Amino acid sequence: MIVLLAKRFGGMVLTMLTVSILLFLLFETNIESVATKVLGPYSSDEQRQIWLEKEGYFRPLYIRYFEWLGNVVTGDFGESVRFKVPVGDVMWDRLANTAILGAAAMAVIIPLSLLLGVLAGMREASKLDRTISVLSIATTSVPEFASAVLLSAIFVFWLGILPGTSSMTGGFNLVELILPALVLILYDFGYVTRMTRASMAEVMTTGYIRTAILKGLPYRTVILKHALRNALIAPFTVIMLQFNWLLSGVIVVEFFFAYKGFGALLLEAALNQDIYLVEACAMVAVFVAVATQTIGDVGYTYLNPRIRFN
Amino acid sequence: MSNGQSGAGKPLLECNDLCISYFTRAGEIPAVKDFSLQLYPGESVGIVGESGCGKSTVAMAIMNYMGANGGIVGGSIVFDGRDMASLSPEELRQLRGGDIAMVYQEPMAALNPSLTIGKQLMEVPMFHENISATEAAARAKQMLADVNLPDPDRVMAAYPHQISGGQQQRVVISMALLSHPKLLLLDEPTTALDVTVEAGIVELIGEISAKFGTSMLYISHNMGLIKDTCDRVCVMYSGEVVEEGPIDTVFNAMSHPYTRGLFGAIPLPSADKRSHPLVAIRGQLPLPHERPRGCNFGPRCDFFDAGRCDAGDIPIVDGAHAMQRVRCVRWQEIDWASHRPDVTVRPEEPAGEEVLAVDEMRKYYTVHDRSIKAMLSGHSVRHVKANESITFNARKQETVAIVGESGCGKSTFAKVLTGLETATDGKIDFDGVDISHVPVHNRTPKQLGSLQMVFQNPNDTLNPSHTIGAQIGRVIKKFGVETEPAKIQQRVMQLLDAVKLPRDFMWRRPRQLSGGQKQRVGIARAFAGNPSMVIADEPVSALDVSVQAAVTDLLMDLQRENKTTLLFISHDLSVVRYLADRIVVMYLGQIMERGTTEQVFAPPYHPYTEALLSAVPIADTSVTKKRILLEGNLPSVLNPPTGCPFETRCPRKVGRICEEERPPVIEISAEHRIACHIPLEELAKAEPVIQVGKAAE
Amino acid sequence: MTETTATAPRESGAMRALKGIGLLRESGVGMTGAGIILFWLIVAILAPVLAPFPPNATLVPMLAPGGEAPDGGIFLLGTDHIGRDILSRLIWGSRTVLFYGIVATACAYAVGIVMGLAAGYFGGIVDEVISFIANVILSFPVMVLYVIIISVFGASGINIVVAVTFASAPGIMRIVRGLVLDLRNRDYVAAAQTRGEGAWQIMMVEILPNARGPLIVDSCLRMGYVIITIGVLGFLGLGLPPPDPDWGGMINETRTMALIFPHMTVFPCIAISSLVLGFNLLADGLREVSLRD
């Protein structure tokens, strides 16, 4: 078990290192372009050369990489070109806002999709199963920007009961959180539901469920004690993977609702060629994704006695 | 076996004209028709039949568990005086696992992988008798001891994957017995197990009725197992009981042509490939929705009488013997004494020159052990000795069988021979060239074509995406037998003729063929390159009994015509005895004994051979066997014993020497070798394990 | 395959495809999906005939649905902020989305299948390298990857195809690899090996055709997802350059007016959702049918 944890952790570090190399190569190989992006298109060639000299850009690529990596590990991502402040100052606040949004969405997605998935998978091909399946297919088919538009049209334009933007200029506002969270929930819960359903349906056809039924156990016990224990192993991993998906989703949602979050920041940085900010945001996004995935992997192993005791 | 008083008292279970159907998109498919059975307290009844005959459906119907699309469409099941159809869901739940319990085919699948065995066992008394957890645990532990599981405490705490297949099945049996059921349903309980493990389970099942007075319904495809465990037997064919009666009657005075045909197709000790060949039943099992009118066996029967046999439903009637019943309109007319099925008696042909010589061949796999313990002790790289010092030879036109249970290394040997793996050490001379280190991609087309394989699983041997003709044609082209398209097609048709399949099968895809037909195509493919040697890896073990004989026959005929050497890999000693000229017995990667078939089947034996012979169920009431049961499990190949591989289970272990030293190879005669520490004089004292013709015990 | 036998498989291959469609008829969900896709395919093909106005012509700005054009025609779905007919733009836009969706998915599949075959069949170091590359790419939240790629390399049709291939191929590779790991242990593969077939011959002829079932289902789901991706990129302003109609772009251009003129954004949203729904329903129907036998 300890070896396994160490291996997963090692894999995570290796992935992060590879990602850092890729990002560094992508953004900082061409130093002329770096100077242009930082100093702006109207800077003179001379200004750029002086800046590059001052910042040590004429040293070999690998030396610059290790220096950059050292800074990143200690939390120093450089200064944002757009905001004129250290990247960390703007990024961590935005990340906290996104965490609130993500937590709100997950707090609904997890119980809702596990419940629906189990109900659907419990009796495959029943009416309930078909209804839940079609419902989850339909909701995953509506892209986040489309549901944002449609929900806004309904709740903001026609009903007028919810605000159309969620910039939260006047401090934290729960009402402004509803629409962005709802969009994320609508798009994501269907996938988790279907994965849970598939896992549950598969478990229900196994020999050990037959054994449990033919052993004379009440149906409740068969489901709660025998089926769920096995059927919820796979969805656990799926849920951990959802953090990765959620980071994709927040870009669209935060952009649409003008929510001051991490996704909107990343998009803004990318569109404005704010390279240090993009690098930082990408590193953080990948870190969150890889970390949750590692937790998912380790959890899967822990929940599965066939792997745990081997 | 119990001494149930058949016919006395009230039956425990009665099935009256039971009809069971499945409802699919194609309509209603009758699975079981007109099934009647009386099972008396303490009695054991077997239901025997081939795949799709409906035997498992009967068991599931008794449990009232037929899935969403199955249902009883006629007749009734009465258990202990109560009509099962009238039970409320709660009464049904009480009955399941209470008065009626079940043992399943795949013990690993029947146990919940994420609950400890203790928890799964304790549930039974807790839900049926409302007893406390402590009491349930004590009961479970006692029951594990009763089914002869060593160290019940450890088993209670273990998860299913941590114990062996045989132990898992003992757990499932103990789970079934925990509620002291009146009726135990056993659905192929030993099919997934190795033969020496099977013998232990069969022994245990035999003890159950004596110990607990439980009635048993034993479902199996294996006549030999039914003989060893039951008092009476129902023979099913294609959804119907065709014959039933006491074991002795059905085995010795069978009246239905199907029963008779089945016994003619089983390789009993009395069969011999030259003088007493098996008689195959022609044709295929009908699919459930393609059953003929009248007698389902009609199209395959030698005594089919048009107008009578296909006139309408055929009732089951009393036979000549007590409690015997037969479903045949002609059973009284058939004169079995003068019936001579037309079989070709094959003259003996002497074996030719040596084709294959294996000399001290070794195949080790390197395994990286990544546990902390292994890393600390510096033993992180281990060798799995899949094959150790394999030495034997095979001559032209000879059949050499390699026999052993799972993990004995026979499949690895086949891989090395075909070049999918290369040997670690030693030599394999094939047609005069050492091929032990020549991987498949370095072999010449001629070498490839002259050493081909027939595979075990009919559903796996052909590529489902391509037609039969394309698959055989590819082989012909690849081996350079023919190059012109027209000639290739010609050759494909010749091969189809040779394996007795219609020529238009070349346009078909594998899913349109039955299992036996697929195996025939597999054989045609193996013979396409005019091989000098064919390796047949369990070629018939996945087929139904009635089809097995025909495929075995075909293989032997092709072998004779092409003067091919046949290397026959099998776990089934009955088949091996029937068709092999010489036998190599393997255990954990090593050869324990080798010799001619007569030598291996007669003393002196290697202790493992002796146990293996004793374990094989034989469907012949005139055969008596010496009882030798092996203790323990097969050791892991990762961690084999240092001395003799069989040392951990050997009933005749001499002492320390067996644990420490590899046994010497004793030369008994020119062909016969035994690797054992026991002196030859001791080994020679053994009595034959199988004795034919002696009166039953 | 030999030439003599080649004619027959081709014939029955077509027959089996027909049979597959026949089977799908029994799945209502699948038929609905197929119907929706067929509808949009026909719309895309017949766009020049069906569209009542030229898609980029600026006529009367900001008309509500049903508004009248100067020449007497009717803007069934209204016009956008610069006076282009929304219905015509939707009709022409279906061409863009279907074309790039199909091309991008096909490219991703070509790369993913080759990677997956190699990783699954050869195993060992080949597998470890390919799987590691896939893991690194998959560790990026997809949208982050798209935003970075497009913002660095610029928004164009070809870059969208490249980005989709780059981001989707690893997922396809994992599926193919899993299927190959199972299929390579089949006896017919061993039979091909023992007759000395080359590795790629075995992968393409013996293994790949038998993996097609799950891959067809997955490709439908992935088509849906690629369509969403193209839409999102358009919506974020990273999609195809204007003025040619693109559903995501249409929403982006008018979203600031969405609260005053919902029709400008709602109709493209419905269009894209329906097309994605079509592919998802078809995938579900195909899966249901393939599980039946």
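To start, this report covers the structure provided alongside it. (Residues numbered from 1 in each chain as written. Chains lettered and ligands numbered in written order. Predicted model: local features only at pLDDT ≥ 70, side-chain atom pairs only at ≥ 80, totals over all residues. Heavy atoms only, no water.)

### Examining helix 2 (residues 28-45) of chain C
Residue and element names in this part refer to chain C.
Working step 1: With 18 residues, helix 2 ought to run about 26 Å at 1.5 Å a step, and its terminal C-alpha atoms sit 26 Å apart, in line with that.
Working step 2: Among the residues of helix 2, Gly30, Gly33, Ile36, Ile37, Trp40, Val43 and Ala44 are the ones counted as buried. For helix 2, the arc enclosing every buried residue in end-on projection is 160°, short of the 170-degree limit, so these residues lie on one face. (Helix = DSSP H or I, 4+ residues; strand = E, 2+ residues; numbered from the N terminus. Expected span 1.5 Å × (residues − 1). Buried < 20%, exposed > 50% of the residue type's maximum accessible area, 1.4 Å probe, protein only. Arc of directions from axis to C-beta.)

### So, the sheet that holds strand 3 (residues 44-48) of chain B
Residues and elements named next belong to chain B.
Working step 1: Pairing is mixed in the open sheet, where eight strands are placed in the order 6-7-8-3-9-10-12-11. Two strands in the sheet have a free side with no partner beyond their single neighbour: strand 6 (100-103) and strand 11 (317-318).
Working step 2: Along the sheet face, helix 11 (residues 257-265) touches strand 9 (232-237) and strand 10 (240-246) and points at about 100° away from the line of strand 9. (Pairing = 2+ DSSP bridges. Contact = heavy atoms within 4.5 Å. Axes fitted to C-alpha atoms, helices over the stretch in contact; angles between N-to-C directions.)

### A word on the pattern of salt bridges
Working step 1: As enumerated under the stated definition, the model contains 60 salt bridges over all chains in all.
Working step 2: A salt bridge links Glu55(A) to Lys54(A); the shortest N-O distance between them is 3.9 Å.
Working step 3: Since its relative accessible area comes to 64%, Lys54(A) is described here as exposed.
Working step 4: Among the charged side chains, a salt-bridge network with shared partners connects Glu360(B), Arg362(B), Glu388(B), Asp425(B) and Arg662(B). (Salt bridge = Lys/Arg side-chain N within 4 Å of Asp/Glu carboxyl O.)

### Points about the interface of chain A and chain C
Working step 1: Counting from both sides, the interface comprises 47 residues of chain A and, opposite them, 42 residues of chain C.
Working step 2: Between chain A and chain C lies a buried interface of about 3700 Å² when both sides are counted; carbon and sulfur atoms form 78% of it.
Working step 3: Across the chain A-chain C interface, the total number found is two salt bridges.
Working step 4: Linking Arg130(A) and Glu288(C) is a salt bridge whose minimum nitrogen-to-oxygen distance equals 3.9 Å.
Working step 5: Taken together, the elements giving at least two residues each to the side of chain A that touches chain C come down to helix 1 (2-28), helix 6 (127-141), helix 7 (144-158), helix 8 (174-204), helix 11 (233-257), helix 12 (262-271) and helix 13 (275-303) of chain A. (Buried area = accessible area lost by both parts, 1.4 Å probe.)

### Considering the packing of aromatic side chains
In this description, a pair of aromatic rings is defined by centroid distance and the angle of the planes.
Working step 1: One pass over the full model with this rule turns up 27 aromatic pairs over all chains.
Working step 2: Geometrically, the ring pair formed by Tyr237(B) and Phe297(B) is edge-to-face, given 5.3 Å between the ring centres and 85° between the ring planes. With Tyr237(B) in strand 9 and Phe297(B) in the loop between helix 11 and strand 11, this residue pair connects regions lying 60 residues apart in the sequence.
Working step 3: A residue is classified by how much of its surface remains accessible, and Tyr237(B), at 1% relative accessible area, is buried.
Working step 4: An aromatic cluster of at least three residues, connected via ring pairs, comprises Phe145(A), Phe255(A), Phe256(A), Phe257(A) and Phe235(C).
Working step 5: Seen from the ring of Phe83(A), Arg82(A) lies directly overhead, with NZ or CZ sitting 6.0 Å from the centre.
Working step 6: It is Arg255(C) that lies over the ring of Phe255(A); its NZ or CZ is 4.3 Å from the centre. (Phe/Tyr/Trp six-rings, centres within 6.5 Å; stacked < 30°, edge-to-face > 60°. Lys NZ or Arg CZ within 6 Å of the ring centre and 35° of its normal.)

### What about a nonpolar patch on the surface?
Residue and element names in this part refer to chain C.
Working step 1: Taken together, Leu38, Leu41, Ile42, Ile45, Leu46, Val49, Leu50 and Ile102 make up a surface patch of nonpolar side chains, about 730 Å² in accessible area.
Working step 2: When residues of the nonpolar patch are traced back to their parent elements, those giving at least two are helix 2 and helix 3 (47-50).
Working step 3: At four residues, the largest contribution of residues to the nonpolar patch is made by helix 2.
Working step 4: Tracing the sequence through the fold places Ile102 in helix 4 (residues 86-122).
Working step 5: Since its relative accessible area comes to 44%, Ile102 is described here as partly exposed. (Patch = residues over 30% accessible without salt bridge, like charges linked within 9 Å, V, L, I, M, F, W, Y side chains within 5 Å. Areas by Shrake-Rupley, 256 points an atom, 1.4 Å probe, with all protein chains shown as cover.)

As far as function goes, none of this settles anything; it's purely spatial.
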